[in-house]
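Fold and contact review
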Amino acid sequence: MSDIYENIMELARRRGFIWPASECYGSVAGFIDYGPLGSMMKRRIEDTWREFYVVREGYYEIECPTIGQEDIFIASGHLKGFSDKMCQCPHCSEYLRADHIAEGNGVKGASSLDCEGLGQALCTLPCPACGEVLGDVQVYTFNLMFQTTIGPGSQRKGYLRPETAQGMFTDFQRLLRFYRDTLPFGAVQIGKSYRNEISPRQGMIRLREFTQAEAEIFVHPAEKKHPNFSRYAGYRMPLLGIEQQQGETAALEITMREAVDSGLVANEYVAYYLALTHDLLVTVGVNPEKLRFRQHLPDELAHYAEDCWDAEIFSERFGWVETVGIADRTDYDLKAHAAQSGERFTVFIPYETPRKERRVRVIANMGALGPRFRGKAKEVADALAEAVPGRDGVTIKVGGEDVFISPDLYQVREEEVDIPGEEITPHVIEPSYGIDRMIYAVLEHNYSEETVNEEERRVLRLPPGVSPIQVAVFPLMNRDGLPEIASEITARLKAHRIMAEYDDSGAIGRRYRRQDEIGTPFALTVDYETPDSGTVTLRDRDSMQQVRVKVESLPNLLRSLLNGSSSFASLKSV
RNA sequence: GCAUCGAUGGUCUAGUGGCAUGACUUAGGCCUUCCAAGCCUAUAGCCCGGGUUCAAUUCCCGGUCGAUGCACCA
């Protein structure tokens, strides 16, 4: 089968975008290497992501270890929730989810049984694949996290992170201080995550080591209006809500303002990042015709989440591929880490004016308590402060014993106190991007084959902002001083931080084709007019048109073409 | 993980129990005044391990990778 995927991956391998990892020892499924051009392209896509999230939104990037200690993943739920109870049918060798079979046969609470319990529950049940009674079947857990140990001979367990998100949660207090104790704020991380997938296959779509770009935005639970919502309020894009999916009707093509007001999207924050994500994906080269946003159905939605949408990108090969998840995770993650660590994961929110509250205080008379209770006096005083005395004394518990305290040992004072504010646990808005999937989508959506002069021409129509090489520089002929001029222009462009590549090998047409194939948007050719006129031809990858431009104008001209502030079509020859 | 099929220079491919094809690419040279032109030369290959055999890239077994179908996910 010669489909688009194979053609793209063949090109990607041949030209140094993507290689199977460690080929000399035989590759392992789920691992890939990014070659020279792939790394460059990946970094440009990540930088575009940074442009959106770090520069524009102001959510600073942090970098946390990829190995985490066990507590992190106890809190996050990955240790429990990320492991599946598996068994294998002894008759047909089918690989099965043990808890699913048990539950399907009416075993209540099967998901909370341990392996032994599940094994017992299964022994009389039929295999859903072959129908034979499972009998004495081994149930074992398969956790999708890679495990390791920390330190030599240490029993201390470590896990390779299955997502980058936990780092932003574990650093919450530091981040909160960094942002001077004010909501909302956000932090992002771009980095590797690891999942020991059962069946990785599908090339770069399901990897065991992959790159995520995640943002965690901490907001006040009662204030989910995005301060810059106006930026995307009028942004219109197709939304496939729960209703549209269940009714199998077309996606709603509405603005973000309408989406929030109609209740389709839970709040402005979620809607804002839906639109931003659409904007970002289209900017890096995803075809908007092949992009949709799908809301999680009630049975997909995590119990704690308020709303969750996936950006799905259509691939000729893989169908709709989940590439970005955008969720309002409420306070689940922070509360979980608070419970596990015993640390504070809250923000103090002062009231606009402190609230007055009447309070009854019990003030111990230490002069009398001291001599009477001696060493226990402090304990008694503390217990009194918590107590609610009756008219003639109060009985409190000290060291497990009831002790009666008569009214002469304390005073009851009613007073008004100022409550300056409250501790709240922020809610978390989480946009989470699979960078590798984005890269594949960009390659697939921009790959094209066409016939020019009865020759096949393969072009990657990458947006200039993500092309690995930004401009190619050729001498028309390999003599008469043209190579020297072209080399000099190349060096000058590089000095302006433009990724230029010099090439003098083969016929000019071949050199254009070579660059077309790796997506280089522009090519300069030094010809026989150059020495006299100080001009070169500038050729556009997509239209194959040329204009003649002044050499000294090149850095600025290319800069504006590359960042999109001017277009090739608007250029005129000098 | 299981079942089925496959794996030959960088890429695509022919073929074989006994010197392994061809094309494209790449490098060097000649030529060449703007879209894979031509000529010469060179580099480079039978996925890995074991078995059968005088001899295995070929046959057998196991593994790895890839494709397709079944359960989880960015």
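Quick summary incoming for the structure in this document.

Calculation criteria
- Residues numbered from 1 in each chain as written.
- Chains lettered and ligands numbered in written order.
- Predicted model: local features only at pLDDT ≥ 70, side-chain atom pairs only at ≥ 80, totals over all residues.
- Heavy atoms only, no water.
- Helix = DSSP H or I, 4+ residues; strand = E, 2+ residues; numbered from the N terminus.
- Buried < 20%, exposed > 50% of the residue type's maximum accessible area, 1.4 Å probe, protein only.
- Contact = heavy atoms within 4.5 Å.
- Areas by Shrake-Rupley, 256 points an atom, 1.4 Å probe, with all protein chains shown as cover.
- Lys, Arg positive; Asp, Glu negative; His and termini not counted.
- Charge placed at Lys NZ, Arg CZ, Asp CG, Glu CD.
- Near = heavy atom within 4 Å.
- Polar contact = N/O pair within 3.5 Å; in protein donor to acceptor, adjacent residues only side chain to side chain.
- Nonpolar A, V, L, I, M, F, W, Y, C, P; charged D, E, K, R; others polar.
- Arc of directions from axis to C-beta.
- Salt bridge = Lys/Arg side-chain N within 4 Å of Asp/Glu carboxyl O.
- Phe/Tyr/Trp six-rings, centres within 6.5 Å; stacked < 30°, edge-to-face > 60°.
- Lys NZ or Arg CZ within 6 Å of the ring centre and 35° of its normal.
- Expected span 1.5 Å × (residues − 1).
- Core = buried A, V, L, I, M, F, W, Y, C linked by side-chain atoms within 4.5 Å.
- Pairing = 2+ DSSP bridges.
- Axes fitted to C-alpha atoms, helices over the stretch in contact; angles between N-to-C directions.
- Left-handed = near helix turned anticlockwise from the far one by under 90°.
- Parallel < 35°, antiparallel > 145°, perpendicular 65-115°, else oblique.

Before going further, it helps to examine the overall build of chain A. Check the secondary structure of chain A and you find 20 helices and 28 strands. Along the longest, intermediate and shortest principal axes, the C-alpha atoms of chain A span 110 × 70 × 55 Å. Looking at chain A as a whole, 50% of its 574 residues are labelled buried. When contacts within chain A are restricted to residue pairs at least 6 apart in sequence, long-range pairs at least 24 apart make up 65% of them. For chain A, the computed accessible surface area is about 28500 Å², with 48% contributed by carbon and sulfur atoms. Treating the 65 positive side-chain charges of chain A as one cloud and the 86 negative ones as another, the clouds have centres 4 Å apart.

Moving on, we come to the protein's contact with RNA strand B. Not every one of the 51 residues close to RNA strand B is listed here, only the nearest: Ser 27, Arg 510, Tyr 512, Arg 514 and Gln 546. In this structure, a sugar or linking oxygen belonging to RNA strand B sits 2.9 Å away from a main-chain N or O atom of Thr 323. Within the side chain of Glu 455, an N or O atom sits 3.5 Å from a sugar or linking oxygen of RNA strand B. Among the secondary structure elements, those contributing two or more residues to the surface near RNA strand B are helix 1 (4–14), strand 6 (95–97), strand 16 (319–328), strand 23 (455–460), helix 18 (508–517) and strand 27 (535–540). Take the surface near RNA strand B: its biggest share by element is 7 residues, from helix 18. When grouped by side-chain class, the residues that make up the surface near RNA strand B number 15 nonpolar, 15 polar and 21 charged.

Further remarks concern helix 1. Taken residue by residue, helix 1 has Tyr 5, Ile 8, Met 9, Leu 11 and Ala 12 as its buried positions. Here the buried residues of helix 1 occupy an arc of 160° about the axis, which is enough to place them on one side. Next to the buried residues of helix 1 lie strand 1 (18–20), helix 16 (435–446), strand 22 (447–452), strand 23 and helix 18. Downstream of helix 1 by one or two residues, Gly 16 has phi in the positive range, about 85°.

This brings us to the pattern of salt bridges. In the structure shown here, the tally under the stated rule is 36 salt bridges. For Arg 492, the salt bridge goes to Glu 488, with nearest N and O atoms at 3.3 Å. Within this pair, Arg 492 and its partner Glu 488 are both found in helix 17 (residues 482–495), separated by 4 residues, close to a single helical turn. For Glu 488, a relative accessible area of 44% translates into the label partly exposed.

By the definition in use, this model includes 24 aromatic pairs. In textbook terms, an aromatic cluster arises when at least three aromatic residues are bridged by ring pairs, as seen for Trp 49, Tyr 53, Tyr 232, Tyr 235, Tyr 269, Tyr 272, Tyr 273 and Tyr 433. The side chain of Arg 56 reaches across the aromatic face of Phe 52, ending 4.5 Å from its centre. It is Arg 292 that lies over the ring of Trp 320; its NZ or CZ is 4.2 Å from the centre.

If you check helix 17, its first and last C-alpha atoms are 20 Å apart, about what 14 residues at 1.5 Å a residue would give, namely 20 Å. Here the buried face of helix 17 lies against strand 24 (471–475), strand 25 (500–502), strand 26 (522–526), helix 19 (530–533), strand 27 and helix 20 (554–562). Backbone geometry just downstream of helix 17 places Arg 497 in the positive-phi region, at approximately 60°.

With that settled, consider the nonpolar core. Nonpolar side chains in soluble globular proteins generally cluster together in the buried interior. Grouped together as the largest cluster of nonpolar side chains are 70 residues, with contacts concentrated most on Tyr 53, Leu 239 and Tyr 273. No other element matches helix 12 (residues 268–284), which puts 11 residues into this core. Within the second largest apolar cluster, 23 residues are counted, among which are Ala 500, Phe 522, Val 526 and Leu 538.

Relative to the helices and strands, Ile 242 is located in helix 10 (residues 242–246). Relative accessible area serves as the criterion here: at 24%, Ile 242 is assigned to the partly exposed category. The sequence separation of Ile 242 and Val 270 amounts to 28 residues, and the corresponding C-alpha distance is 15 Å. Apart from the residues within four sequence positions on either side, Ile 242 is in contact with Gln 295, His 296, Leu 297 and Pro 298.

This part is about the side chain of Asp 279. In this structure, Asp 279 sits in helix 12. One polar contact links Asp 279 to Tyr 232, side chain to side chain, over a distance of 2.7 Å. Residues in contact with Asp 279, not counting those within four places in the same chain, are Phe 52, Arg 56, Tyr 232 and Tyr 235.

The 3 strands are arranged 4-9-8 in an open sheet whose pairing can be described as antiparallel. A single partner strand is all that each edge strand has here, and the edge strands are strand 4 (67–69) and strand 8 (147–149). When strand polarity is set aside, the average angle formed by the axes of neighbouring strands in this sheet is 40°. In this sheet, strand 9 (residues 157–160) lies alongside strand 8 in antiparallel orientation, the contact comprising 3 bridges. Bridged to Gln 147 within strand 9 is Tyr 159.

It is worth spelling out the side chain of Thr 330 at this point. Here Thr 330 shows up in the loop between strand 16 and helix 13 (332–341). Note on Thr 330: relative accessible area 9%, which makes it buried. Within the structure, the side chain of Thr 330 is placed 3.0 Å from the backbone oxygen of Tyr 304, a separation counted as a polar contact. Ignoring sequence-local partners within four residues, the contact set of Thr 330 consists of Tyr 304, Glu 306, Pro 426, His 427 and Val 428.

One can describe the packing of helix 2 (residues 36–56) onto helix 12 by two numbers: an axis separation of 10 Å at closest approach and a directional angle of 150°. In the packing of helix 2 onto helix 12, the handedness of the crossing is right-handed. Here helix 2 contributes Ile 45, Thr 48, Trp 49, Phe 52, Tyr 53 and Arg 56 to the contact with helix 12, which in turn contributes Tyr 273, Leu 276, Thr 277, Asp 279, Leu 280, Thr 283 and Val 284. When its residues are assigned to classes, the contact of helix 2 with helix 12 shows 8 nonpolar, 3 polar and 2 charged.

So, about the sheet that holds strand 13 (residues 252–255). The 9 strands are arranged 3-10-11-21-16-15-14-12-13 in an open sheet whose pairing can be described as mixed. Whereas interior strands pair on both sides, the edge strands pair on one side only; in this sheet they are strand 3 (60–61) and strand 13.

The N-to-C vectors of helix 1 and helix 16 enclose an angle of 105°; their axes lie 10 Å apart at closest approach. In this view, helix 1 runs roughly perpendicular relative to helix 16, as classed from their interaxial angle. Contacts from Ile 4, Tyr 5, Ile 8 and Met 9 in helix 1 reach Tyr 440, Leu 443 and Glu 444 in helix 16. By residue class, the composition of the contact of helix 1 with helix 16 is 6 nonpolar, no polar and 1 charged.

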